[in-house]
Amino acid sequence: MDYQFLALTIATAIGISTAILVAATGELLVEKVGVYNIALEGVMLVGALTGFIAGQTTGSWVLGLIAGGVAGCAFAMVFGLITVVLRTDMIVVGVALILVALGTTQTIGSSYVAVEAVTKIPNADIPVLSSLPFIGTALFQQTWVTYIAMALPFVVAFILFRTRHGLNMRAIGENPNAADTAGISVIGWRLFYVAVGGVLAGVGGAYITLGIVDSWAGNVTAGQGWIAFAIVFFAGWQPLWILVGAYFFGALSVLGDVGQVMGWGVPSEAFTVLPYVGTVAVMMLRAWKQKSKGAVSWPAALGLPFYRG
Amino acid sequence: MRNRKIVPAVLLVGLVSLVAACSSSTPAATEAAPAATEAPAATEAPAATEAAAPAVSEAPVVPLNITWLYTGPENDGGYNVINEVAMNAMGTVPGVKVNGIFDVPYSDEASQITRQAIANGAQVIVDTTGIGTYLTDVCAENLDKVYCYSGADAGPQPANSASWWLPDWDLSYAAGVAAGLMTKSNIIGAVVPYEIPIAVQGINGYALGCQSVNPACEVKVVYMNSYFDPTAATKASKTLVNAGADVLRNLTDDASFCKVAEEEGVYAVGEYNDFASACPNSIITSTVWDFSDYMIEEAKEIQAGMFQSTGDSGFPEITPLKIGLGGPRLGTFGAFVPADVKAQVEGIFAEMVDGKNFFVGPIYDQKGKEKVKAGVELDDKFLFHGWDWYVKGVTASEG
């Protein structure tokens, strides 16, 4: 594999991982306060369609991304109201909402299938940096959304581990009763972060239709929401590991195509499952390591409804 | 992953989408029987007497309900679009009503969809998806109720079934010539759904066509393991460009390949549909799978009670459709294509239409071994059925 091809391949892997990275970062925030939004795939789909329609109508990808975020937020709030406020089981509600999203977007979006995008997110080469050999090609010829997505986990890490609010968030996820006693609104903040996670997942979805495939198709997310969900576990609820996880997945999924182009002689089906097998393998490795350390890394109250007292 | 992680979900989703597909399926209803409408208007003015309508009313209109099965969504921008053209052409035959069912999966569910369509009154099933035995089994159960058409090699078939195919090796050869004349890197790429015979014919034709005008030409293939997945097609197309390919081609269904080509500033040749309007700056030309003439003919034959099965033995009875006007042909050329390139590609295609065989030895396999001796012509049967190795200059993973 020559030098330039490797750099371009890394650039492709980073580019296509953007949606997953943004959605996974949002999901991390949600899970840190003790809720897992398993409907992530559905939220991304809603964002993907709304973003695309808004982009088509207004001709602006910025408005498209914003609309995707707003729609994702609204859809996630449905999940939030049912699970956080009404305390219904998150898995059941989440799976149901995914099906709702799939069916609804397929029906509403049918007239947008294979319609050419009038607006798309352009690449923004960073001056100076993008002309560096290798690294410039690999990292600095992406879209603005990708650069922001790269920075997002660092921002989240700062908020979580360097601010008082981050301490409160972690308290809600670890011990909501204690947090409640300390005067922190458990339900309020949980709802707030479900909404924030929804915004990010919606933007991630819109990035797929406006930045990656530049079109809408039924089930266009094709499981990226599930991968984002898995990456949060994979990352052990550590923001910077989200970055690693998203790019690891992206690299494996591009590797499948690269192997074929290079003629490595491995069956293409093996390449197709590679990212998923790889993700499961790393998660098992992580679980095994944790077991030997005798500690768990997930928020202790993750998935548990909050009852005062 | 979507296949494993959310199997129950996918099943349910399939149901949901099936319901959606059924309810939204475009009954491109052509009930507008043109025969009778004209007469009443002419009551007061008997002027144009020579255009006497009765001539038409001699042939009784035989009602015929035809259901088409598609893989992937309606209006996918490629393969389904061109099949819908043929479906709607069939619908122009007086008495014929057509409707389409989309997102038919390659699974037992396809059989259920077919049974349901027959229960809903379909007298003819046209399968564009290659669901094979999922279709033929149901047809065998309904010998006297339905006629079945498969747009591929469906294997042994019951007596009420027929298959059609087109010489994609020829179309691909023409596409390869176009690519070979335009490429600068001498590397051309293709995004291919699965490792299936159709892919081997298409890629070999593409490679030999390219090498006929450009001996250094290499073809790189990426299998997507799906017919319709825009994200995967985009990713695969980008990797091909990264690896130096400057002409992309699709054997997959949608337009992602040429969108990537537009973005990366490389060329593309389209397959199935005419992609020139979707990607005006990258599409050199397209190989258009227009089945309209054949479908219209078949509908009329069924109405006349003259259905002919292509038999149960597969190939010899499946006559590849004639290429040229009114059938599979070359699409619009890009405005940027030099006139001499266009003339050369069109000239080769015209020779094909006249019956010239471009598949003549020596032909070498990927390892450089001579598989077809100099001067030996490959016949249609081999081209359609027997070709299970890639030619020299093709890079593709082996299954």
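A word on the overall build of chain A
Alright, step 1. Scanning chain A for helices and strands turns up 13 helices and 0 strands.
Alright, step 2. The C-alpha atoms of chain A give 20 Å as radius of gyration, which agrees with the globular expectation for 309 residues (19 Å, within 12%).
Alright, step 3. Every one of the 309 residues in chain A was classed for burial, and the buried ones make up 53%.
Alright, step 4. Long-range pairs, those at least 24 residues apart, make up 77% of the contacts in chain A with a sequence separation of at least 6.

Quick notes on the environment of Thr 234 of chain B
Alright, step 1. As for its position among the elements, Thr 234 of chain B is in helix H9 (residues 230-242).
Alright, step 2. On a C-alpha basis, the gap between Thr 234 of chain B and Val 260 of chain B in space is 6.5 Å, while along the polypeptide they are 26 residues apart.

A look at the nonpolar core
Alright, step 1. Core analysis: the biggest nonpolar cluster contains 208 residues, and Ile 231 of chain A together with Ala 178, Ile 203 and Ala 268 of chain B have the highest contact counts within it.
Alright, step 2. The leading source of residues in this core is helix H10 (residues 186-212) of chain A, at 14 residues.
Alright, step 3. Looking at this core, you find at least three residues from each of domain 1 (7-30 + 60-166 + 292-317) and domain 2 (168-288 + 328-395) of chain B.
Alright, step 4. Ignoring anything within four residues of it in the chain, the contact list for Ile 231 of chain A reads Ile 20, Ala 24, Ile 242, Gly 245, Ala 246 and Phe 249 of chain A.

A short note on the packing of helix H11 (residues 224-234) of chain A against helix H13 (residues 268-293) of chain A
Geometrically, a packed helix pair is captured by the angle between its two axes and the distance between the axes.
Residues and elements named next belong to chain A.
Alright, step 1. At a minimum axis separation of 10 Å, H11 and H13 run at an interaxial angle of 25 degrees. Accordingly, the angle class assigned to the pair H11 and H13 is roughly parallel. Regarding H11 and H13, the two cross each other, and that crossing is left-handed. Note on element contacts: H13 touches H11 through Thr 279, Val 282, Met 283 and Arg 286, opposite Ala 230, Phe 233 and Phe 234.
Alright, step 2. Considered class by class, the residues forming the contact of H11 with H13 number 5 nonpolar, 1 polar and 1 charged.

Topic: unusual backbone geometry
For residues that are not glycine, phi is negative in most cases, and the peptide bond is trans in most cases.
Alright, step 1. Going from Gly 361 of chain B to Pro 362 of chain B, the amide bond is cis rather than trans, its omega being 5 degrees.
Alright, step 2. Looking at the element boundaries, Pro 362 of chain B is found in the loop between helix H12 (339-353) and strand S12 (363-364).
Alright, step 3. At Asp 214 of chain A, a residue that is not glycine, the phi angle is positive and equals roughly 55 degrees.
Alright, step 4. Of note, the phi angle at Asp 103 of chain B is positive, near 55 degrees, even though the residue is not glycine.
Alright, step 5. Mapping Asp 103 of chain B onto the fold places it in the loop between strand S2 (96-101) and helix H5 (108-119).

Here we look at the sheet that holds S2 of chain B
All names here are of chain B.
Alright, step 1. What the 5 strands build is an open sheet, ordered S2-S1-S3-S4-S5; its pairing is parallel. Unpaired on one side and paired on the other, S2 and strand S5 (161-163) mark the two borders of the sheet. Shown here is a sheet whose adjacent strand axes are inclined to one another by a mean of 20 degrees, direction ignored.
Alright, step 2. Note that strand S4 (residues 147-150) and S5 share 3 bridges and pair parallel. Considered in S5, the bridge of Tyr 149 is made with Ala 162.
Alright, step 3. The sheet strands contacting helix H4 (residues 79-91) are strand S1 (64-69) and S2, and the helix crosses S2 at an angle near 155 degrees.
Alright, step 4. Taken strand by strand, helix H11 (residues 292-303) contacts S1, S2, strand S3 (124-127) and S4, and its axis lies near 140 degrees from that of S1.

Observations concerning the interface of chain A and chain B
Alright, step 1. Listed as interface residues are 43 residues of chain A and, on the opposing side, 43 residues of chain B.
Alright, step 2. For the side of chain A that touches chain B, the elements supplying multiple residues, two or more each, are helix H1 (3-16), helix H5 (90-108), H10, helix H12 (239-262) and H13 of chain A.
Alright, step 3. Within the side of chain A that touches chain B, the residues separate by chemical class into 23 nonpolar, 16 polar and 4 charged.

Brief notes about H5 of chain B
All names here are of chain B.
Alright, step 1. Taking 1.5 Å as the rise per residue, H5 with 12 residues should run 16 Å; its terminal C-alpha atoms sit 17 Å apart, in good agreement.
Alright, step 2. Among the residues of H5, those classed as buried are Ala 110, Ile 113, Thr 114, Ala 117 and Ile 118. Buried residues of H5, seen end-on, are gathered within an arc of 135 degrees and therefore sit on one face of the element. Looking at H5, the residues exposed on the side facing more than 90 degrees away from the buried face are Asp 108 and Ala 119.
Alright, step 3. Positive phi shows up at Gly 121, right after H5, with a value of about 105 degrees.

Observations regarding the sheet that holds strand S8 (residues 247-250) of chain B
Residue and element names in this part refer to chain B.
Alright, step 1. Ordered by their spatial adjacency, 7 strands build an open sheet running S11-S10-S9-S8-S6-S7-S14, and the pairing between neighbours is mixed. If you trace the sheet from one side to the other, it starts and ends with strand S11 (329-330) and strand S14 (394-395), each paired once.
Alright, step 2. The sheet contact formed by strand S6 (residues 187-192) and strand S7 (residues 218-223) spans 6 bridges and is parallel. Among the inter-strand pairings, Ile 187 is bridged to a residue of S7, identified as Glu 218.

Here we look at the domain arrangement of chain B
All names here are of chain B.
Alright, step 1. Considered domain by domain, chain B is made up of domain 1 (7-30 + 60-166 + 292-317) and domain 2 (168-288 + 328-395).
Alright, step 2. Summarising the inter-unit geometry, the C-alpha centres of domain 1 and domain 2 are found 28 Å apart.
Alright, step 3. Contact with domain 1, which involves 13 residues of that partner, is made by 15 residues of domain 2.

Let's talk about the pairing of S2 of chain B
All names here are of chain B.
Alright, step 1. In terms of burial, S2 is largely enclosed, as 5 of its 6 residues are buried.
Alright, step 2. Here 6 bridges tie S1 to S2, and the two strands are oriented parallel to one another. Along S2, the bridge assignment pairs Trp 68 with Gly 100.
Alright, step 3. One crossover worth recording links S1 to the parallel S2 by way of H4, and it is right-handed.

A closer look at the environment of Ile 242 of chain A
Residue and element names in this part refer to chain A.
Alright, step 1. With respect to the helices and strands, Ile 242 occurs in helix H12.
Alright, step 2. On a C-alpha basis, the gap between Ile 242 and Val 35 in space is 17 Å, while along the polypeptide they are 207 residues apart.
Alright, step 3. Each residue touching Ile 242, except ones within four places of it in the same chain, is listed here: Leu 21, Ala 24, Thr 25, Leu 28, Pro 153, Ile 231, Val 232 and Ala 235.

Quick word on the environment of Leu 210 of chain A
All names here are of chain A.
Alright, step 1. Here Leu 210 lies in helix H10.
Alright, step 2. For Leu 210, a count of 30 C-beta atoms within 10 Å corresponds to the buried category.
Alright, step 3. Spatially, the C-alpha atom of Leu 210 lies 12 Å from that of Val 220, the residues being 10 residues apart in sequence.
Alright, step 4. If near-sequence neighbours (up to four positions away) are discounted, Leu 210 is found in contact with Gly 51, Phe 52, Gly 55, Trp 61, Gly 64, Leu 65, Ala 117, Lys 120 and Ile 121.

Side note on the packing of helix H7 (residues 144-162) of chain A against helix H8 (residues 164-174) of chain A
Residue and element names in this part refer to chain A.
Alright, step 1. It is the contact of H7 with H8, at a shortest axis distance of 5 Å, that shows an interaxial angle of 80 degrees. With respect to H8, the element H7 is oriented roughly perpendicular. Across from Ile 159, Leu 160, Phe 161 and Arg 162 in H7, the residues of H8 making contact are His 165, Gly 166, Met 169 and Arg 170.
Alright, step 2. The residue inventory of the contact of H7 with H8, partitioned by class, reads 4 nonpolar, 2 polar and 2 charged.

Considerations on the pairing of S6 of chain B
All names here are of chain B.
Alright, step 1. Of all 6 residues in S6, 6 are buried; the element is thus mostly enclosed.
Alright, step 2. Neither face of S6 is exposed, since Ile 187, Gly 189 and Val 191 on one face and Ile 188, Ala 190 and Val 192 on the opposite face are all buried.
Alright, step 3. Following the backbone out of S6, through helix H8 (residues 197-213) and into the adjacent parallel S7, one traces a crossover that is right-handed.
Alright, step 4. Of the strand pairs in this sheet, S6 and S8 are connected by 4 bridges, and their pairing is parallel. Considered in S8, the bridge of Gly 189 is made with Leu 248.

What counts, and at which threshold
Residues numbered from 1 in each chain as written. Chains lettered and ligands numbered in written order. Predicted model: local features only at pLDDT ≥ 70, side-chain atom pairs only at ≥ 80, totals over all residues. Helix = DSSP H or I, 4+ residues; strand = E, 2+ residues; numbered from the N terminus. Rg over C-alpha atoms; globule rule 2.2 N^0.38 Å. Buried ≥ 20, exposed ≤ 12 C-beta atoms within 10 Å, placed from the backbone. Contact = placed C-beta atoms within 7 Å. Core = buried A, V, L, I, M, F, W, Y, C linked by C-beta atoms within 7 Å. Domains from an automatic or database assignment. Axes fitted to C-alpha atoms, helices over the stretch in contact; angles between N-to-C directions. Parallel < 35°, antiparallel > 145°, perpendicular 65-115°, else oblique. Left-handed = near helix turned anticlockwise from the far one by under 90°. Nonpolar A, V, L, I, M, F, W, Y, C, P; charged D, E, K, R; others polar. Pairing = 2+ DSSP bridges. Expected span 1.5 Å × (residues − 1). Arc of directions from axis to C-beta. Right-handed = clockwise from strand over helix to strand, strands pointing away.

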